[in-house]
Amino acid sequence: MSSKYSAALKREAAGGQKRSAADDQDTKIRRNKQRVLLLPSRGITTRMRHLVNDIEALLPHSKKDSKLDSKSDLSVLNELSELNNCNNCMYFEARRHEDLYLWLSKTPNGPSAKLQVQNIHTMDELKMTGNCLKGSRHILSFDKGFDAAPHWQLMREMLTQMFAVPRTARRAKPFIDHVLSFSILDGKIWFRNYQIIEKDPGAVAAAEAEGTDPKKAQTEPMLVEIGPRMVMTPIRIFEGSFGGPTLFDNPEFISPNAIRHAMRRSKGESYKTRTMQSENLRVKRDKYKGSESELSRANVFA
């Protein structure tokens, strides 16, 4: 009896260890490691607000907060991220009601990056034919240009941790139906969103009309753009969160204020040129007007 009792105790202990190991594994799997705080600043336009809403719809692991009043002290975003239990932050900063900047930060220790957002097209104005389920996960596609330089590699890692939806996110759907594409062209990051279509419905309908087998008409998976789309220009990469030592400074970046100032200056130069030409013409006419003789046409037929 004692041997049977000790064997039963051993089996029970082994089963308890297996159950505890399985429970630990489940807790490790269910842990959500990436959460993104998404918020804009005061002064954003309608198009900027729609862009923020579209990005929030693409990221089921994000947490949207109200608009931020302060534009000088951005360190308060670290506290907001901690209060919302987020370790990533995407802050859309609007300037002069026409310039939009995007801050990407790993709170609270960094690094962080500041980018200028241009060529914004929201999902409402594009009217694309593609579609995806809200809350579904996506595949991240990066251009090979992200391996060219260390700052591009850092940008790829930051974009991956912010845009990649965790498999165990609470609001995420358990399947993948679209692709987020990040491409580098002319020193800028081009963002696109595509739907994954495994078969062409037009080809299947045509095959059914012709009386052939629809299964043979299925083509390879294709991509159809959904939206939104935008172009991001890196400005600076900082070591800390929303500040600190500069790791990368884009020498090719020109601020929108400098561009507008140059345009106004060029318009002023053209106006100055036209005025000088008119003045020279008036002086020339006055010069030759006094040298006319008494038999000239203007004096005879005056």
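Anyway, here's the lowdown on the structure attached to this text. It should be emphasised that the depicted structure is a prediction, and the values quoted were computed from it without experimental measurement. (Residues numbered from 1 in each chain as written. Predicted model: local features only at pLDDT ≥ 70, side-chain atom pairs only at ≥ 80, totals over all residues. Heavy atoms only, no water.)

Topic: the packing of aromatic side chains
Applying the stated criterion to the full structure yields 8 aromatic pairs. With a centroid separation of 5.8 Å and 15° between ring planes, the pair formed by W103 and F238 is classed as stacked. Pair noted here: W103 is in strand β4 (residues 99-105) and F238 is in strand β10 (residues 229-240), with a separation of 135 residues, a long-range link. The exposure class of W103 is buried, given its relative accessible area of 7%. Where F182 meets F191, the ring centres are 5.3 Å apart and the plane angle is 55°; that geometry is what we call tilted. Among the residues examined, F182 registers a relative accessible area of 0% and is labelled buried. Under the relative-accessibility criterion, F191 is labelled buried at 1%. Among the aromatic residues, ring-to-ring pairing joins F142, F146, W152, F163, F182 and F191 into one connected group. (Phe/Tyr/Trp six-rings, centres within 6.5 Å; stacked < 30°, edge-to-face > 60°. Helix = DSSP H or I, 4+ residues; strand = E, 2+ residues; numbered from the N terminus. Buried < 20%, exposed > 50% of the residue type's maximum accessible area, 1.4 Å probe, protein only.)

Observations regarding the pairing of strand β7 (residues 173-185)
Sheet analysis places strand β6 (residues 136-142) next to β7, joined by 7 bridges and oriented parallel. Its bridge partner being in β7, S141 is matched across the sheet by S181. Handedness of the crossover is the feature at issue here: the chain leaves β6, passes through helix α5 (residues 150-163), returns alongside β7, and the resulting connection is left-handed. Inspection of the sheet shows β7 paired to strand β8 (residues 188-197) by 8 bridges, in the antiparallel sense. Looking across to β8, one finds that I184 is bridged to I189. Counting the residues in the hairpin turn of β7 and β8 gives 2 residues, including D186, whose phi is positive at 60°. (Pairing = 2+ DSSP bridges. Right-handed = clockwise from strand over helix to strand, strands pointing away.)

So, the side chain of T233
Its location among the elements puts T233 in strand β10. Using a relative accessible area of 5% as the deciding quantity, one classes T233 as buried. Within polar-contact distance, the side chain of T233 engages the side chain of K188 at 3.2 Å. For T233, the contacting residues outside a window of four places in its chain are K114, L115, Q116, Q118, K188, N250 and F253. (Polar contact = N/O pair within 3.5 Å; in protein donor to acceptor, adjacent residues only side chain to side chain. Contact = heavy atoms within 4.5 Å.)

Some remarks on the nonpolar core
Ranked by size, the top nonpolar core spans 36 residues in total, and within it M90 and F163 carry the most contacts. For this core, the element with the most residues is α5, which contributes 6 residues. Beyond its immediate sequence surroundings of up to four residues, F163 is in contact with I55, L59, H61, M90, H138, L140, L180, F182 and F191. Residues L39, L74, Y91 and F242 belong to the second largest nonpolar core, which totals 11 residues. (Core = buried A, V, L, I, M, F, W, Y, C linked by side-chain atoms within 4.5 Å.)

As far as function goes, none of this settles anything; it's purely spatial.
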